[in-house]
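Listed here are the chains, written in short residue letters.
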Amino acid sequence: MLYRLLRPALFALDAEKAHGLALQGLRLLPAGKPAPAQGPLACRVAGLDFPNPLGMAAGFDKDGEVPDPLLRLGFGFAEVGSITPLPQAGNPRPRLFRLEEDQGVINRMGFNNHGGQAALKRLKARFGRGGIVGINIGANKDSTDRVADYAHMTTLMAPYASYLAVNISSPNTPGLRALQDEGALSELLDAVLSARGGNGPPVFLKVAPDLQPADVDAIARIAIDRALGALIVSNTTIERPALQSRHAGEQGGLSGAPLRDMALQRVRDFRSATGGTMPLIGVGGIANADDAWQRIRAGASLVQLYSAMVYHGPGIARQITRGLAERMRRDGFSAIAEAVGTG
Ligand SMILES: Cc1cc2nc3c(=O)[nH]c(=O)nc-3n(C[C@H](O)[C@H](O)[C@H](O)COP(=O)(O)O)c2cc1C
């Protein structure tokens, strides 16, 4: 309600400025305690106990500054990052665009972040607070050895991460998505898993929605073979479905409502390629409880969002989790895990 009043003022600002203000506002929230398990919404995935299945997706809190305030807003988990070994400025501004008429976002941020050491300090300091905080890792744009970047970030972050998310699907770092190819992906995951060691957190892999059926099959096979904790499906798309907004022609990754059907279809594709043996995290265009419920019924054990927070504000986590609980009751499910892949 309050957000509806604030939104016009925020939308009058450049999108990145507005995002900076949102982060500042969240920093003012006392950290508090993470939400306790929420009855039927509580779920166990990759050995972790999630109080509810809705998380904040990577990119909102790139430097790990506000994971605890995000949990306080009612998210069951927060994924911070992507974080690269060295600080980097990212692409020139403007690089973030609201597509209001389409309820979408285009970004070409380019992994702007303060680097591994700065994030480590913060994440180490909050570690004892509990709550599920995933750390999403990436490679520096100018790195001459990207596999080594991921391995380094794994070693650095593993002790402070509930899970690590290996992001090889940002469209804004040239060549990054090539790491999704079979040979490169196997080599990368072997390096990450070896850097993590036997007792480290589960490793999740975040993929692009722009994949051919053969890519889906190969990624599914490699993920199962390496016993990854989950696949995060998906990042932003480089495709451009029909869009109305004046920013539709901007380069970068498209997210929000225009990504929804494609990301939903990829969850279905990965569900069928994995035969339900690998947990999936559905992300892309989820803006309400119906979207979240549909993604779960399609095969996602957990869901995440980012763009919808821009349009609907910080109350969205509670709106969606409340709505999910209602839909579970309506459809006769007493646990999220029972509903996964049933629709
Ligand atoms: C501005 C912006 C920055 C993002 N940065 C990252 C990132 O650093 N790492 C990552 O894995 N995903 C990043 N994403 C992708 C989101 O995590 C998510 O996969 C995508 O936006 C689809 O979800 P949505 O439609 O709910 O926004 C970013 C998205 C946006 C809009």
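That block above? That's the structure.
Residues numbered from 1 in each chain as written. Predicted model: local features only at pLDDT ≥ 70, side-chain atom pairs only at ≥ 80, totals over all residues. Heavy atoms only, no water.

Student: Go over the pattern of salt bridges, please, and point to the residues and values.
Tutor: The tally for this structure, following the rule as stated, stands at 17 salt bridges. In this structure, the salt-bridge partner of Arg177 is Asp210, at a minimum N-O distance of 2.6 Å. With a gap of 33 residues between them, Arg177 in the loop between strand S8 (163–167) and helix H6 (182–196) and Asp210 in the loop between strand S9 (203–207) and helix H7 (213–225) connect regions that are remote in the sequence. The salt bridge partner of Glu182 is Arg221, with a shortest N-O separation of 3.0 Å. One end of the pair, Glu182, is in helix H6; the other, Arg221, is in helix H7, with 39 residues separating them in the sequence. Glu182 sits in the partly exposed class, given a relative accessible area of 40%. The class of Arg221 is partly exposed, set by a relative accessible area of 49%. A network of salt bridges, in which partner residues are shared, links Glu16, Arg93 and Arg95. (Salt bridge = Lys/Arg side-chain N within 4 Å of Asp/Glu carboxyl O. Helix = DSSP H or I, 4+ residues; strand = E, 2+ residues; numbered from the N terminus. Buried < 20%, exposed > 50% of the residue type's maximum accessible area, 1.4 Å probe, protein only.)

Student: Quick rundown of the packing of aromatic side chains? Include the residues and the values.
Tutor: To describe a pair of aromatic rings, you give the distance between the ring centres and the angle between the ring planes. Overall, the coordinates contain seven aromatic pairs when judged by the stated rule. When the ring of Phe50 is compared with that of Phe77, the centres are 4.9 Å apart and the planes differ by 80°; the resulting orientation is edge-to-face. With Phe50 in strand S2 (residues 48–50) and Phe77 in strand S4 (residues 77–83), the pair connects residues that are 27 residues apart, well separated along the chain. Note on Phe50: relative accessible area 1%, which makes it buried. Arranged with centres 5.7 Å apart and planes meeting at 70°, the rings of Trp293 and Phe333 form a pair that is edge-to-face. Residue Trp293 is found in helix H9 (residues 289–298), and its partner Phe333 is found in the loop between helix H11 (316–331) and helix H12 (336–339); the two are separated by 40 residues along the sequence. (Phe/Tyr/Trp six-rings, centres within 6.5 Å; stacked < 30°, edge-to-face > 60°.)

Student: Which residues make up the packing of H9 against H11, and what values go with them?
Tutor: Look at H9 against H11: their axes get within 8 Å of each other, and the N-to-C directions meet at 55°. In this view, H9 runs oblique relative to H11, as classed from their interaxial angle. The handedness of the crossing between H9 and H11 comes out as right-handed. From H9, Ala289, Asp290, Ala292, Trp293, Ile296 and Arg297 reach across to H11, where they touch Ile320, Gly323, Leu324, Arg327, Met328, Arg330 and Asp331. (Axes fitted to C-alpha atoms, helices over the stretch in contact; angles between N-to-C directions. Parallel < 35°, antiparallel > 145°, perpendicular 65-115°, else oblique. Left-handed = near helix turned anticlockwise from the far one by under 90°. Contact = heavy atoms within 4.5 Å.)

Student: Before we move on, can you summarise the sheet that holds strand S10 (residues 230–233) with the specific residues and values?
Tutor: Taking strand neighbours around the barrel as the criterion, the eight strands line up as S3-S4-S7-S8-S9-S10-S12-S13 in a closed arrangement whose pairing is parallel. Between one strand axis and the next, the sheet turns by 25° as a mean value, whatever way the strands run. Judged from the three bridges that link them, S10 and strand S12 (residues 280–283) form a sheet pairing that is parallel. Bridge pairing links Leu231 to Leu280 in S12. (Pairing = 2+ DSSP bridges.)

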